[in-house]
Amino acid sequence: MDFHGRVALVTGASVGIGRATALELAEFGAKLILLDINYDKLLKVKEEIAVYTEDVLVYKCDISDEQAVREVVADAIAHFGKIDILVNNAALWRGYRPFLTTESGEWKRFFDVNVLGTFYMTHAVLPSMLEQKYGRIINVASVAGVYGNANMACYSATKGAVISFTKAIAKEVTDKGVLVNAVSPGSVSPAENDDVNYTEASNLAFIGRSGSDRENANLICFLASEEASYISCQNIQIDGCRRKQ
Ligand SMILES: NC(=O)c1ccc[n+]([C@@H]2O[C@H](COP(=O)([O-])OP(=O)(O)OC[C@H]3O[C@@H](n4cnc5c(N)ncnc54)[C@H](O)[C@@H]3O)[C@@H](O)[C@H]2O)c1
C-alpha cells in the first residue's frame, strides 16, 4: 500500500480503530485530517503520527453537528486542496440494555451520531471526490448491523442503516471513480488500550479472541488503497468467524 500524495480524513481518530487507521495511513504516506470530540487525545495521536508526517490537521468536531462538519471539511480542503479518502469511523456504541429499558432521547442521539453523522460527512466530502473523479469511502459499521445484537437494538439499527447507506451510495458514485465500502468488525480489543495489536480471549468468534485495532485498520487501509481498485458496494465482516448472536 502506498498513500503518498493522498489526503485522508478519519473521524473518531483519537482512540481505537480510528487511531490505528490514522497511524497506518500515515505510516504508508498519507496526509491526514483527523476529527474527534476528544481534542486532547487527538493531539496525542498527532504527536504519535509526527514520526511519519507533519501534514496532519486535527479538529475538535461533533459529527452530528452538520454546520460544524461543513466548516471543517471546507477548511481542510482549503488547506490540502482535496480529500481522497474518507473513513467514517466515529460512533456511539457502548451500553448493553434491553430495548424496553432504553428511551427515545438515547435512540435519537445514536441515530444523530452514527447515521446522520455519516451522512453529513459523506455529503460534505463527496462533491470534491466527484470533481476529481477519485475517492474512497470506508464506513465502519458492525456485525450488530448484520445479525442484530441482543441488548443493542438501537445501535444495531444504526449500523444496519450505515450498511444499506453504503450500498446505495456506492451504486450512485462507483462509475464516477468513488468506491464505497463498509467494514463490520466483530469484537475488538478495548479502545482504552493503547496497544494497537492488543487482543483478548473471546468466545464470540471461532478464532477464540477479539480482533486488534491494527487488524481492523489493515482492512480499512486496504480498501482505501489502489490494491482494492475493483471493490465497491461491499460490507466486509472482520470478525474471526463470528458465532452469530
Ligand atoms: N470496538 C468494538 O468492539 C467495535 C465492534 C464493532 C464495530 N465497532 C465500530 O468501530 C468504530 C470505532 O469503535 P472503537 O471501539 O474503535 O472506538 P470508540 O467507540 O471507543 O471511539 C470512537 C471515537 O469516536 C469519537 N466520537 C464519538 N462520538 C463522536 C461525535 N459525535 N463526533 C466526533 N467523534 C465522536 C470518540 O470520542 C472516540 O474517539 C465505531 O464505529 C464502532 O461502532 C467497534
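Preceding this section is the structure that the text describes.
These remarks concern the structure in this document. None of these values were measured; they are calculated from a predicted model. (Residues numbered from 1 in each chain as written. Predicted model: local features only at pLDDT ≥ 70, side-chain atom pairs only at ≥ 80, totals over all residues.)

Our next topic: the overall build of the protein. For the protein, the count of helices and strands is seven helices and seven strands. Reading the helices (α) and strands (β) of the protein from amino to carboxyl end gives β-α-β-α-β-α-β-α-β-α-α-β-α-β. In terms of overall size, the protein behaves like a compact globule, its C-alpha atoms giving a radius of gyration of 17 Å where 245 residues would be expected to give roughly 18 Å. Taking the principal axes of the C-alpha coordinates as reference, the protein spans close to 45 × 35 × 35 Å. Expressed as a percentage of its 245 residues, the buried residues of the protein come to 46%. Taking as baseline every contact in the protein between residues at least 6 positions apart, the subset at least 24 positions apart corresponds to 69%. (Helix = DSSP H or I, 4+ residues; strand = E, 2+ residues; numbered from the N terminus. Rg over C-alpha atoms; globule rule 2.2 N^0.38 Å. Buried ≥ 20, exposed ≤ 12 C-beta atoms within 10 Å, placed from the backbone. Contact = placed C-beta atoms within 7 Å.)

Here the focus is the packing of helix α1 (residues 16–27) against helix α2 (residues 39–49). At a minimum axis distance of 10 Å, the contact between α1 and α2 shows a crossing angle of 25 degrees. Regarding the angle of α1 to α2, the classification is roughly parallel. Crossing hand, α1 versus α2: right-handed. In contact with R19, A22, L23 and A26 of α1, α2 contributes V45, E48 and I49. Of the residues that constitute the contact of α1 with α2, the class distribution is five nonpolar, no polar and two charged. (Axes fitted to C-alpha atoms, helices over the stretch in contact; angles between N-to-C directions. Parallel < 35°, antiparallel > 145°, perpendicular 65-115°, else oblique. Left-handed = near helix turned anticlockwise from the far one by under 90°. Nonpolar A, V, L, I, M, F, W, Y, C, P; charged D, E, K, R; others polar.)

Counting residues in each nonpolar core, the largest one holds 67 residues, and the members touching the most others are A8, L9, A22, L32, L34, V125 and I220. It is helix α4 (residues 104–132) that contributes the most residues to this core, eight residues altogether. Beyond its immediate chain neighbours, meaning those up to four positions away, L9 contacts I33, A76, I83, I85, L86, V87 and V125. (Core = buried A, V, L, I, M, F, W, Y, C linked by C-beta atoms within 7 Å.)

Attention now moves to the site of the ligand. Around the ligand there are 28 residues in total, and G12, G16, A91, V188 and A191 lie nearest to it. For the shell around the ligand, the elements supplying multiple residues, two or more each, are α1, β2 (31–36) and α4. Considering every element that reaches the shell around the ligand, the biggest residue donor is α1, with three residues. (Near = placed C-beta within 6 Å.)

Strand order across the open sheet formed by seven strands is β3-β2-β1-β4-β5-β6-β7, with parallel pairing between neighbours. Edge positions in the open sheet fall to β3 (56–60) and β7 (235–238), since each of these has one partner strand only. Strand-to-strand, the axes of this sheet are offset by a mean angle of 15 degrees, without reference to chain direction. Here strand β1 (residues 7–11) pairs with strand β4 (residues 85–88) via three bridges, running parallel. Its bridge partner being in β4, A8 is matched across the sheet by I85. (Pairing = 2+ DSSP bridges.)

Another aspect to go through is α2. An α-helix turns once every 3.6 residues. As a result, residues three or four positions apart point the same way. Taken residue by residue, α2 has L42, V45 and I49 as its buried positions. Taken end-on, α2 shows its buried residues confined to a sector of 55 degrees, consistent with a single buried face. Exposed and facing more than 90 degrees away from the buried side of α2 are D40 and E47. Residues of α2 that are buried in the fold lie against α1, β2 and β3. (Arc of directions from axis to C-beta.)

Next up on the list: α1. For α1, spanning twelve residues, the distance from its first C-alpha to its last is 17 Å, which sits close to the expected 16 Å at 1.5 Å a residue. Within α1 the residues assigned to the buried category are G16, I17, G18, R19, A20, T21, A22, L23, E24, L25 and A26. (Expected span 1.5 Å × (residues − 1).)

All right, on to the environment of V45 then. Along the polypeptide, V45 turns up in helix α2. As a C-alpha pair, V45 and A20 span 25 residues in sequence and 9.4 Å in three-dimensional space. Those residues in contact with V45 that sit more than four places away from it in its chain are A13, S14, R19, A22 and L34.

Before going further, it helps to spend a moment on the pairing of β2. A large share of β2 lies buried, amounting to six of its six residues. Direction of pairing for β1 relative to β2: parallel, over a ladder of five bridges. Each bridged residue has a counterpart across the sheet, and for A8 the counterpart in β2 is L32. You can see the chain leave β1, run along α1 and come back into β2, and the turn it takes is right-handed. (Right-handed = clockwise from strand over helix to strand, strands pointing away.)

Our focus in this paragraph is the environment of V180. Relative to the helices and strands, V180 resides in strand β6 (residues 178–185). With 28 C-beta atoms counted inside 10 Å, the residue V180 sits in the buried group. Sequence separation between V180 and D84 is 96 residues; the distance between their C-alpha atoms is 12 Å.

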